[in-house]
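Spelled out, the chains give:
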Amino acid sequence: MGQGEPVHGLPHRLTDTVVARYVQRGDPATMAAAILRLTEEPAPPMRHLLGSSAPSHLKELNMTVRDKLYIGGSWVTPSAPELMLDILSPHDQSVLGRVAQAAPADIDKAVAAAREAFDHGPWPRTSPKERQDVVRRYDALRTARADEIAAAISTENGSAGWFTKIGQPFLTRQTNAYLQAAEEFGWEEIVAPSDPSVAFDTIVRREAIGVVAAVIPWNSPFSAATAKLIPALLAGNTVVLKVSPENSLSMMLLADLWHEAGLPEGVLSVLPADRETSEHLVSHADVDKISFTGSTRAGRRIAAIAGQQLKRVGLELGGKSAALILDDADLAAAMQSLRFGSLGNNGEACILQTRILAPRSRYEEVVTAVKDMVESLKVGDPAASDTFIGPMIRRDQQQRVIDYITIGIEDGARLVTGGPQIPAGLEKGNYVTPTVFADVDNGMRIAQEEIFGPVLVVIAYDDDDDAVRIANDSEYGLSGGIWSADIARALAVARRLRTGTVTLNGSPISFDGPFGGYKASGLGREYGKVGLTGYVEHKSITRTR
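Reading guide: rules and limits
- Residues numbered from 1 in each chain as written.
- Predicted model: local features only at pLDDT ≥ 70, side-chain atom pairs only at ≥ 80, totals over all residues.
- Heavy atoms only, no water.
- Pairing = 2+ DSSP bridges.
- Helix = DSSP H or I, 4+ residues; strand = E, 2+ residues; numbered from the N terminus.
- Axes fitted to C-alpha atoms, helices over the stretch in contact; angles between N-to-C directions.
- Parallel < 35°, antiparallel > 145°, perpendicular 65-115°, else oblique.
- Left-handed = near helix turned anticlockwise from the far one by under 90°.
- Contact = heavy atoms within 4.5 Å.
- Nonpolar A, V, L, I, M, F, W, Y, C, P; charged D, E, K, R; others polar.
- Core = buried A, V, L, I, M, F, W, Y, C linked by side-chain atoms within 4.5 Å.
- Buried < 20%, exposed > 50% of the residue type's maximum accessible area, 1.4 Å probe, protein only.
- Salt bridge = Lys/Arg side-chain N within 4 Å of Asp/Glu carboxyl O.

1. Side note on the sheet that holds strand β24 (residues 536-544)
And step 1. Spatial ordering of the open sheet is given by β7-β8-β24, a layout of 3 strands whose pairing is antiparallel. Either end of the sheet is taken by a strand with one partner, and the two such strands are β7 (188-191) and β24. Across the sheet, the axes of successive neighbouring strands diverge by a mean angle of 20°, strand direction being ignored.

Structure (structure tokens):
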């Protein structure tokens, strides 16, 4: 989390990670240019509420404007109402909408509301079933607007439409896994003594931690929000959800849905904000737990803050996962699966398996198969039904990926397909050419560093032991995959990988089991019962019998 400098007289700014700009609300020149771009190619329809102070010409054009912040269950005027962020389309840089951004004073107000709601409000004191009912109402409301949500995310993020659409049912599965865990959870249990001669037993209670600061990234906002909000709320916590500025539009829709679901006053705030404001939240004295998903660099900073203040903390961080193709694997089936497991969401996902480990006996066969698979995927407008890979979310992310491709070439890797050039006809957007490298040494930067884009490396190995060694030779340990005709053999290899999640032959990740990383991929786990446990404190009460 870097330190921001004041700019144009504004007290806070977005850092260089955000390719968008603050503008004065109603500035004629800026808005005229935006209107022209919107009339040339309108964004997919979204039912976001227009702010009461939105200029009339924007309302007439149905441009999305949100000039309020969702704090403690109410839409309120921000502390710095002059700060409005233009949300730019990754596809063509047109202005999709304008959204108010939170400043530290808004964080203070949200945390105060959450503190009051936790200490004196009804939410932590309701029954687990009552809280489960609210979560079910939310999920029903979200399901009813699934197509709209998918379009909103695709428009903001550049995620291909197929990806955001298939992700909607997975949100329900993730929610249901938490609900099942909550139903079976021992919120209060009597534990009999291990020594029958003692005259007391123990009541073990699992209670809410308090105020949770949940900080999520831009690449899959509804999924990340679900992984944190659902267990936190089921446990009776209150939450300040800090979302990325890039997702300001879709996350205001999420706030609408939770408001309609009927959360009590103060229980939830949803605030888009920059990195400096995020640090103000996680370091706030009245925050009891931090739950963060994002980069390992930012995770280390948050861990330092949590350690200094002795806050509870959960971190889901970066990855550089390996796909181990064993020598008996069905290569066609593996490629079909790796389309999604290595290149889903435009390659902008921490769990993707971007290191393809191939046996030397089949190395060129694997390289050719990966090349053919990547070249078969259409790059283009994320709204088009036949697009598989859309644009990177921002210009700086586009340049980051291009820079890594250049590094791979300079370091001597063999460029199999792709390269640093922008795809023809897509120069207006944040597009990159999907790229495959062969003859990659695992020590190269393109094999060790998280690129966060559609760049794959194929690494040769000698035998299963060598494959395990290479897979584990990484600072990360988030996920991985193994392909083999022999399930027992694949399982034996999986047990040796130092990574939090392993899939065999392309099986999906389960929401019932824990999800999280070894090493620099994070601390703690999400999903299911283990994920729910991360949002409770354990209390022991002994009593005489």
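What follows picks up the thread again.
2. Description of the packing of helix α4 (residues 128-144) against helix α7 (residues 221-234)
And step 1. Their axes nearest at 9 Å, the elements α4 and α7 cross at an angle of 160°. One finds that α4 runs roughly antiparallel with respect to α7. As for the relative orientation of α4 and α7, their crossing is right-handed in sense. Facing Arg131, Gln132, Val135, Tyr138 and Arg142 of α4, the residues of α7 in contact are Phe222, Ile230, Leu233 and Leu234.
And step 2. Here the residues of the contact of α4 with α7 sort into 6 nonpolar, 1 polar and 2 charged.

3. Notes on the packing of helix α3 (residues 104-120) against helix α9 (residues 275-282)
And step 1. The contact between α3 and α9 brings their axes to 9 Å, and the two run at 30°. Between α3 and α9, the angle falls in the class roughly parallel. Two packed elements cross with a definite hand, and for α3 against α9 that hand is right-handed. Of α9, the residues touching α3 (which contributes Pro104, Ile107, Asp108 and Val111) are Thr277, His280 and Leu281.
And step 2. Of the residues in the contact of α3 with α9, the class split is 4 nonpolar, 2 polar and 1 charged.

4. Some thoughts on the nonpolar core
And step 1. Counting residues in hydrophobic clusters, the biggest one holds 60 residues, and the most contacted among them are Phe222, Leu229, Leu241, Leu254, Trp258 and Val270.
And step 2. Setting aside anything within four residues of it in sequence, one finds Leu254 in contact with Tyr138, Phe222, Ala225, Leu229, Leu241 and Val270.
And step 3. Counting residues in hydrophobic clusters, the runner-up holds 32 residues, among them Ala329, Val367, Ile389 and Ala438.

5. Focus on the environment of Val432
And step 1. When you line up the elements, Val432 lands in the loop between β16 (414-419) and β17 (433-438).
And step 2. As a C-alpha pair, Val432 and Pro454 span 22 residues in sequence and 7.9 Å in three-dimensional space.
And step 3. When neighbours within four sequence positions are excluded, Val432 is seen to be in contact with Val379, Met392, Gln398, Val401, Ile402, Pro423 and Pro454.

6. Some details on the pattern of salt bridges
And step 1. Counted by the stated rule, this structure contains 32 salt bridges.
And step 2. With a closest N to O distance of 3.1 Å, Lys129 and Asp133 form a salt bridge. Residue Lys129 and its partner Asp133 are located together in helix α4, separated by 4 residues, close to a single helical turn.
And step 3. Here Lys129 falls in the exposed class, since its relative accessible area comes to 54%.
And step 4. Put simply, Arg414 and Glu364 hold a salt bridge, and the shortest N to O gap is 2.8 Å. With Arg414 in strand β16 and Glu364 in helix α12 (residues 363-375), this residue pair connects regions lying 50 residues apart in the sequence.
And step 5. The exposure class of Arg414 is partly exposed, given its relative accessible area of 30%.

This is a description of form; function is not addressed.
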